[in-house]
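Single-letter residue listing:
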Amino acid sequence: MASTLAGIVGERRVLERRSALTAYASDGLPGYHQVPSLAVFPGTRDELVAVVRALAGAGLPFVPRGAGTGLSGGALADGTVLLGLNRLTRILDIDPVNRIATVEPGVVNSALQKAAAVHGLHYAPDPSSQSACTIGGNVAENAGGPHCLKYGVTLNHTVACTVLLPDGEIVTLGSRHGETAGYDLLGAFVGSEGCFGVALDCTVRLLPDPPRVRTLLADFSQLHDAALATSAIIASGILPAALEMMDGAAVRLVEASVYAAGYPTDCDAVLLVDLDGVADGLEDDVAAVDAICRAHGARHVRIATDGAERTLLWQGRKKAFGAMGRAAPHLVLQDAVVPRTRLPDMLQQIAGIGARHGVAVWNIFHAGDGNLHPSVSYDAGNPGEAARVHACMTEIMQACIAAGGTITGEHGVGLDKIDYMPALFDGDTLAAMCRLRDVFDPAHLSNRGKVVPVHTCREWHQAPAGRAT
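Predicted, not measured: the structure shown is a model, and the values here were computed from it.

J.: In this structure, what is going on with the overall build of the chain? I would like to understand it.
T.: A tally of helices and strands in the chain yields 16 helices and 20 strands. Taken over the C-alpha trace, the chain has a radius of gyration of 22 Å; the compact-globule value for 469 residues is 23 Å, and the two agree within 12%. For the C-alpha atoms alone, the extent of the chain along its principal axes is close to 65 × 55 × 45 Å. Residue burial in the chain is summarised as follows: out of 469 residues, 55% are buried. Counted over contacts in the chain with a minimum sequence separation of 6, partners at least 24 positions apart contribute 72%. A total accessible area of about 18,300 Å² is found for the chain, and carbon and sulfur atoms account for 52% of it.

J.: Just to check I follow, could you spell out the sheet that holds strand β1 (residues 14-15) for this structure?
T.: Backbone hydrogen bonds are what pair the strands of a sheet, in a parallel or an antiparallel way. Read from one edge of the open sheet, four strands run β1-β2-β4-β3, paired in mixed fashion. Each having just a single partner strand, β1 and β3 (62-65) make up the two edges of the open sheet. On top of the sheet, helix α3 (residues 45-58) reaches β2 (38-40), β3 and β4 (81-84); it is set at about 165° to β4, its chief contact.

J.: Even after reading the chapter, I still don't get the sheet that holds strand β15 (residues 298-303), so can you show me in this structure?
T.: Read across the open sheet, the seven strands follow the order β15-β12-β14-β13-β18-β20-β16; overall the sheet is antiparallel. The open sheet terminates on both sides in strands that have one partner only, identified here as β15 and β16 (330-333). The average undirected angle you get between the axes of adjacent strands in this sheet is 20°. Across two bridges, strand β18 (residues 362-365) lies against strand β20 (residues 374-378) in antiparallel orientation.

J.: Help me out: how do you make sense of the side chain of H147 in this one?
T.: With respect to the element layout, H147 can be found in the loop between α5 (135-141) and α6 (148-151). With a relative accessible area of 15%, H147 lands in the buried category. There is a polar contact of 2.6 Å between the side chain of H147 and the side chain of D126.

J.: Just to check I follow, could you spell out the pattern of salt bridges for this structure?
T.: Two side chains of opposite charge can pair, provided their charged atoms sit close to one another. In the structure shown here, the tally under the stated rule is 17 salt bridges. Linking R214 and E283 is a salt bridge whose minimum nitrogen-to-oxygen distance equals 2.5 Å. One end of the pair, R214, is in strand β12 (residues 212-220); the other, E283, is in helix α10 (residues 282-295), and 69 residues separate them in sequence. For R214, a relative accessible area of 16% puts it in the buried group. Between R342 and D345 there is a salt bridge, with the nearest N and O atoms lying 3.3 Å from each other. The class of R342 is partly exposed, set by a relative accessible area of 31%.

J.: Please clarify how empty space enclosed by the protein should be interpreted in this entry.
T.: If you roll a probe as big as a water molecule over the atoms, it shows you where there is empty space left. For the structure on display, the rule yields two cavities of 30 Å³ or more. Counted as a void, the second largest cavity has a volume near 30 Å³. Of all the secondary-structure elements, those providing two or more residues to the lining of the second largest cavity are β13 (242-247) and β14 (269-277). Broken down by element, the residue count for the lining of the second largest cavity peaks at three residues, all from β13. Broken down by class, the residue content of the lining of the second largest cavity amounts to six nonpolar, no polar and two charged.

J.: Before we go on, may I ask you to explain the packing of aromatic side chains in this structure?
T.: How two aromatic rings sit relative to each other is set out by the distance from centre to centre and by the angle between their planes. Evaluation of the coordinates by the stated rule reveals two aromatic pairs. Summarising the aromatic geometry, the rings of F196 and F440 are spaced 4.4 Å apart at their centres and angled 10° between planes, so their arrangement reads as stacked. Pair noted here: F196 is in the loop between α7 (185-189) and β10 (198-205) and F440 is in helix α16 (residues 427-440), with a separation of 244 residues, a long-range link. What makes F196 buried here is its relative accessible area of 7%.

J.: Looking at this structure, how should I read the side chain of T154?
T.: On the secondary structure map, T154 appears in the loop between α6 and β8 (158-164). We classify T154 as buried; its relative accessible area is 0%. From its side chain, T154 meets the backbone oxygen of A143 in a polar contact 2.8 Å long. The residues touching T154, leaving out its near neighbours within four places in the chain, are Y123, P125, N138, V139, N142, A143 and V190.

J.: Would you take a moment to explain the nonpolar core for this structure?
T.: Where a protein is soluble and globular, its nonpolar side chains tend to be buried together. Judged by nonpolar contacts, the single largest core of 89 residues is most densely connected at M245, L271, C293 and L372. Ignoring sequence-local partners within four residues, the contact set of M245 consists of L223, A226, A227, T230, V270, L271, L347, N363, I364, F365 and A367.

J.: Would you mind showing me how to read the layout of surface pockets here?
T.: What the second largest pocket holds in volume is close to 630 Å³. The wall of the second largest pocket is formed by 29 residues, among which V190, G191, S192, E193 and V451 lie closest to the centre. Of all the secondary structure elements, the ones that give two or more residues to the lining of the second largest pocket are α7 and α16. Ranked by the residues each element gives to the lining of the second largest pocket, the list is headed by α16, at four residues.

J.: Got a minute to help me understand the pairing of strand β9 (residues 170-174) in this structure?
T.: When a strand is regular, its side chains alternate between the sheet's two faces. In terms of strand pairing, β8 meets β9 through five bridges, oriented antiparallel. From the neighbouring strand, A160 faces β9, where its bridge partner is G174. Connecting β8 to the antiparallel partner β9 that follows it, the hairpin turn spans five residues, and G168 within it adopts a positive phi of roughly 100°.

J.: Sorry, what's going on with helix α1 (residues 2-9) here?
T.: A2, L5, A6 and V9 are the residues of α1 that are buried. The buried residues of α1 all sit within an arc of 105° when viewed along its axis, so they share a single face. Projecting away from the buried face of α1 at angles above 90 degrees are the exposed residues S3 and G7. Against the buried residues of α1 lie β1, β2 and α3.

J.: Explain the pairing of β10 here, please?
T.: When you tally the buried positions in β10, you get seven out of eight residues, the bulk of the element. Direction of pairing for β8 relative to β10: antiparallel, over a ladder of six bridges. From the neighbouring strand, V163 faces β10, where its bridge partner is A199.

Here is what the cut-offs are and how they apply
Residues numbered from 1 in each chain as written. Predicted model: local features only at pLDDT ≥ 70, side-chain atom pairs only at ≥ 80, totals over all residues. Heavy atoms only, no water. Helix = DSSP H or I, 4+ residues; strand = E, 2+ residues; numbered from the N terminus. Rg over C-alpha atoms; globule rule 2.2 N^0.38 Å. Buried < 20%, exposed > 50% of the residue type's maximum accessible area, 1.4 Å probe, protein only. Contact = heavy atoms within 4.5 Å. Areas by Shrake-Rupley, 256 points an atom, 1.4 Å probe, with all protein chains shown as cover. Pairing = 2+ DSSP bridges. Axes fitted to C-alpha atoms, helices over the stretch in contact; angles between N-to-C directions. Polar contact = N/O pair within 3.5 Å; in protein donor to acceptor, adjacent residues only side chain to side chain. Salt bridge = Lys/Arg side-chain N within 4 Å of Asp/Glu carboxyl O. 1 Å grid on protein atoms, 1.4 Å probe; cavity = no way out; pocket = protein on both sides within 12 Å on 5 of 7 lines; lining within 4 Å. Points joined across faces, edges and corners; volume = space filled by probe spheres on them. Nonpolar A, V, L, I, M, F, W, Y, C, P; charged D, E, K, R; others polar. Phe/Tyr/Trp six-rings, centres within 6.5 Å; stacked < 30°, edge-to-face > 60°. Core = buried A, V, L, I, M, F, W, Y, C linked by side-chain atoms within 4.5 Å. Arc of directions from axis to C-beta.

In structure tokens form, the structure reads like this:
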């Protein structure tokens, strides 16, 4: 097969040696390592189609992979073919009149943002990894970001995809021109984590830049108070564009790094709030959020006076996970959602769970969505420490489920969270998910062994392979 693929993409774009493939044995989630049998990197749409058809003809499974920034082990290929999409980076069209853009799957999120900005437009989903993650990966994971509180996640901004099914057939899901009749197959494809095929191109909505944006930073001496303020802001009827929380430990790490943003280092939590819209009424919302934060214990509320200060405040939040690299060589970042009103209790539970396992857990998350990202810096090469971190994260996820939450807000299920699926869905529901997958990929060639535990449709998946602990 390697020679066949080399005939399509060129020898330099096919990797066979284990030493070269090791670079693709991990994605953004430490603790899992799976080495593909070979890796192929098409550079054009025609090459991608020819590669998938060659694999389908040989009955070989494959795993699509963009930038590898995923945080659920979803882009790992265990002894199968890794299909790299990172060379497909063309922005095919930006239509400012209809406010849509069509891009190849390997286009980096921030590259699309820059291209849209020329027209006074932007693409709303803005994951923290947006300087590296790709639009194809965002579609596969139904990615979110801070500003998805008001504007919605990737699903809400994807209007059409040209999809290469795992058997080599090309189909169009959705429409550039509006809603389509019949079942929402595009909705099924977005968030399917590469299990339904590969996007040849994605057409996404672009939004006009808001006329005005105000950014506030409120600091609290108690994490609990910041959580209560979060619910109070939403309950007031104000919908911020973003409402993010960082705990004090995370703040101190950021401030000790090159990403320092001027956050107070003696606090126990900060809330970072974006309010946007037309000028009329915006200052009233700013004053109301300021008052709500102070009423719930905020020591200070800082309001950015200009664009430069706003950018600086957001730099601390956007680069917080990078700052954690100062603490240890690896970072595990989980992704769970709880009802927003459960945040105070859940943050207390997370602290207790971490303490029981001797693990320091940082919290940097989308508070307005109830989307938690408990994070731990650790040495994945230390078996004892890795085992404690894994046990800690497992208990946190179980606590989130018990609180009426779910196991992913934006990072997907992948390999890491597949064992939690039976706790959320009964057997009939999981079987229905399998039947949906069969519509797109009856041979289960694309990203097999991910998302839904299978048993040739009912055989429950065992412990995920490849976990280092």
